[in-house]
Amino acid sequence: MTQTSWTGGAGARLQIDLEALCANYRVIAEAVSPARAAAVVKADAYGLGADRVAPALGKAGCRDFFVAHLSEAEQLRPLLPEDARLFILNGVYPGAEAACMEARAIPVLNSPEQVRAWVALGKTVGRPLEAAVQVDSGMSRLGLSEDDIDALLAEIDFRHDLSLVLVMSHLACADEPEHPANRLQLARFGALANRLPPAPRSLANSGGSFLPLPAFRQDLVRPGVSLYGVAPHPGQPSPIRPVVRLDARVIQVRTIPAGCGVGYGLTYAPDQPARIATIGVGYADGWLRALSNRGAAYLGGVRLPIAGRVSMDSICLDITALPEGALKAGDVVELIGPNQPLEAVAEDAGTIPYEILTSLGHRYAREWIEA
Ligand SMILES: *Cc1c(COP(=O)(O)O)cnc(C)c1O
């Protein structure tokens, strides 16, 4: 990861609170006990930096990590505790089986082809290889269907041809606790898993971990976004602490006359004189262009609306609400923090906090609050 220093001229500072991250892990682990809590660290730990996040979670006691791709597993393996298990959610791509084994990663086998290829490699090396198997309990994204399972059972001995360490599935509607699909998927998951030999089971992501019915937790939960500070069920009280804070630097402040346009396309043109501050964050930093004329920054409790379109490297704010001189070049405004949580930014952008986090990019000065 490139590290830009704040004093060295980055446009904004991203603070990542590893203490809060680990507290979130412990809160989840306690809430789901006696089930175990894994950590989903795919997509560079949702943009926050898997090289720092995963070791911190390892120190907090986590021993089960999930990434999406082998390439992510290869980077992470050396940074994890020796006894940690590292699962690859997308399984193993054709031709990558040997590399997956060498990385000491456990593929989540999603299709009959993946199962067959992994079993074949185990026969070649003369020992059953560890594997997780995913069944499709209703999301139709990844995993074996009932017919797939029955066909495989006729040709593969799941007790000896591989070492089945986890049977898992994924909930489509876990962020909506009342959604009837949740219980249907739970029942379907049980029925499909029962066709396979006994193995530990996993169904819940962050939302699933906090569903009122403990049965969703099974033996292992797989939270991602809640570790990174997002409440599992939007709008409900939650024990999850925010993990990120983002502050942007003011580059320049100006006063414009009534009717003067601001930014590309001149889409913001207030009919009163206004004061405009330009800050050093843009869509190349994941501050989505959808926030043009919609989002805001904050100074203390004062909302400073985005004026005009988001540019690649800068954004204009209407700071007329502030007293003259309250903001000058070099000062900072809050983009994510106590006045503007991640969830609010996502709502303004018409998306979900996951997309804001994973878009943040690499130009920020990153500061770590150690656990
Ligand atoms: C991304 C992912 C998770 C984590 O989901 P969150 O909603 O971030 O908690 C868990 N399981 C699977 C299969 C995933 O793809």
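Summary of the structure given here. These numbers come from a predicted model, not from an experiment.

## Observations concerning the overall build of the protein chain
Within the protein chain, the regular secondary structure consists of 11 helices and 17 strands. Counting only C-alpha atoms and orienting by the principal axes, one finds that the protein chain spans roughly 80 × 40 × 40 Å. Relative to all contacts within the protein chain whose residues are 6 or more apart in sequence, the contacts with residues 24 or more apart total 66%. Counting every atom, the protein chain has about 16000 Å² of accessible surface; 53% of that belongs to carbon and sulfur. Positive and negative side-chain charges of the protein chain, numbering 33 and 40 respectively, have mean locations separated by a distance of 3 Å.

## Looking at the nonpolar core
Ranked by internal contacts, the top residues of the largest apolar core, which has 117 residues, are Val-41, Leu-57, Phe-65, Tyr-228 and Trp-287. Top element by residues in this core is helix H1 (residues 18-32). It accounts for seven residues. In this structure, Leu-57 is in contact with Leu-21, Cys-22, Tyr-25, Ala-39, Val-41, Cys-62, Phe-65 and Leu-227, ignoring residues within four places of it in sequence.

## Brief notes about the pairing of strand S4 (residues 64-67)
Side chains Asp-64 and Phe-66 of S4 all project onto a buried face; the interleaved residues Phe-65 and Val-67 project onto the opposite face, where all are buried too. Where S4 meets strand S5 (residues 85-88), four bridges bridge the pair, whose relative direction is parallel. Bridging from a neighbouring strand, Asp-64 pairs with Arg-85 of S5. At this point the chain moves from S4, through helix H4 (residues 70-76), to the parallel S5, and the crossover so formed is right-handed.

## Concerning the packing of helix H6 (residues 112-125) against helix H7 (residues 146-155)
Relative to each other, H6 and H7 sit at 25°, their axes nearing to 10 Å. When the axes of H6 and H7 are compared, the pair comes out roughly parallel. Along this stretch, H6 crosses H7, giving a crossing that reads as right-handed. Residues Pro-112, Val-115 and Arg-116 of H6 touch H7, and the partners they reach there are Asp-148, Leu-152 and Glu-155. Here the residues of the contact of H6 with H7 are counted per class, giving three nonpolar, no polar and three charged.

## Let's talk about unusual backbone geometry
With omega at 10°, the peptide bond leading from Ser-33 into Pro-34 counts as cis. Looking at the secondary structure, you find Pro-34 in the loop between H1 and strand S2 (36-37). Non-glycine residue Leu-266 carries a positive phi angle of around 50°. Within the element layout of this structure, Leu-266 appears in the loop between strand S11 (244-256) and strand S12 (274-279). Look at Leu-266 and you get exposed, because its relative accessible area is 57%.

## Quick look at the site of the ligand
Not every one of the 14 residues close to the ligand is listed here, only the nearest: Lys-42, Tyr-46, Ser-206, Val-225 and Tyr-354. At 3.4 Å, a side-chain N or O of His-170 approaches a nitrogen atom of the ligand. Between the ligand and the protein, one listed contact pairs an oxygen atom with a side-chain N or O atom of Ser-206 at 2.5 Å. Bound to the protein, the ligand loses 93% of the 390 Å² it would expose on its own. Using a 2 Å cut-off from the grid points, one finds that the ligand occupies the largest pocket. Its residues assigned to classes, the shell around the ligand shows seven nonpolar, four polar and three charged.

Rules used in this analysis
- Position labels on residues start from 1 in each chain and follow its written sequence.
- Local features in this predicted model are restricted to residues whose pLDDT is 70 or higher, and side-chain atom pairs enter the listing and the counts only when it is 80 or higher, whereas totals over whole chains, interfaces and linings include all residues.
- In computing side-chain properties, one takes all heavy atoms of the structure into account and sets aside hydrogens as well as water.
- Runs of H or I in DSSP of at least four residues are treated as helices and runs of E of at least two as strands, each being numbered from the N terminus.
- Contacts are assigned to residue pairs that have any heavy atoms within 4.5 Å of one another.
- Computed with the Shrake-Rupley method and a 1.4 Å probe, the accessible areas treat only the protein chains shown as cover for residues.
- By the counting scheme adopted, Arg and Lys are positive, Glu and Asp are negative, and His together with the chain ends is not counted.
- To locate a charge, take atom NZ for lysine, CZ for arginine, CG for aspartate or CD for glutamate.
- We call a set of buried residues a nonpolar core when its members are Ala, Val, Leu, Ile, Met, Phe, Trp, Tyr or Cys and they connect through side-chain atoms within 4.5 Å of each other.
- Per-residue accessibility, obtained with a 1.4 Å probe over protein chains only, is compared with the maximum for each type, and a residue is labelled buried under 20%, exposed over 50%, and partly exposed between these values.
- Whether two strands pair depends on DSSP finding at least two bridges between them.
- By convention, orient the strands away from the viewer: a clockwise path from the first strand over the helix to the second makes the crossover right-handed.
- Comment: axis = line fitted to C-alpha atoms, over the contacting stretch for helices; angle = value between 0 and 180 degrees taken between N-to-C directions.
- Throughout this description, any angle smaller than 35 degrees is read as roughly parallel, any larger than 145 degrees as roughly antiparallel, any in the 65 to 115 degree range as roughly perpendicular, and the remainder as oblique.
- Note: crossing handedness is left-handed where the near helix turns anticlockwise from the far helix by less than a right angle, and right-handed where it turns clockwise.
- All amino acids are sorted into three groups, where Ala, Val, Leu, Ile, Met, Phe, Trp, Tyr, Cys and Pro are nonpolar, Asp, Glu, Lys and Arg are charged, and the leftover types, Gly among them, are polar.
- Note on terminology: near, applied to a residue and a molecule or strand, indicates that one of the residue's heavy atoms is within 4 Å of it.
- Any pair of N or O atoms that falls within 3.5 Å is considered a polar contact. Within protein, one atom must be able to donate a hydrogen and the other to accept it, and sequence-neighbouring residues count only if both atoms are side-chain atoms.
- A cavity here means a set of points on a 1 Å grid, drawn over the protein atoms and nothing else, where a 1.4 Å probe fits but cannot get out; a pocket is an open set with protein on both sides within 12 Å along at least five of seven lines, and a residue lines either one if it has an atom within 4 Å of a point.
- What decides whether a molecule sits in a cavity or pocket is whether more than half of its atoms lie within 2 Å of the grid points.

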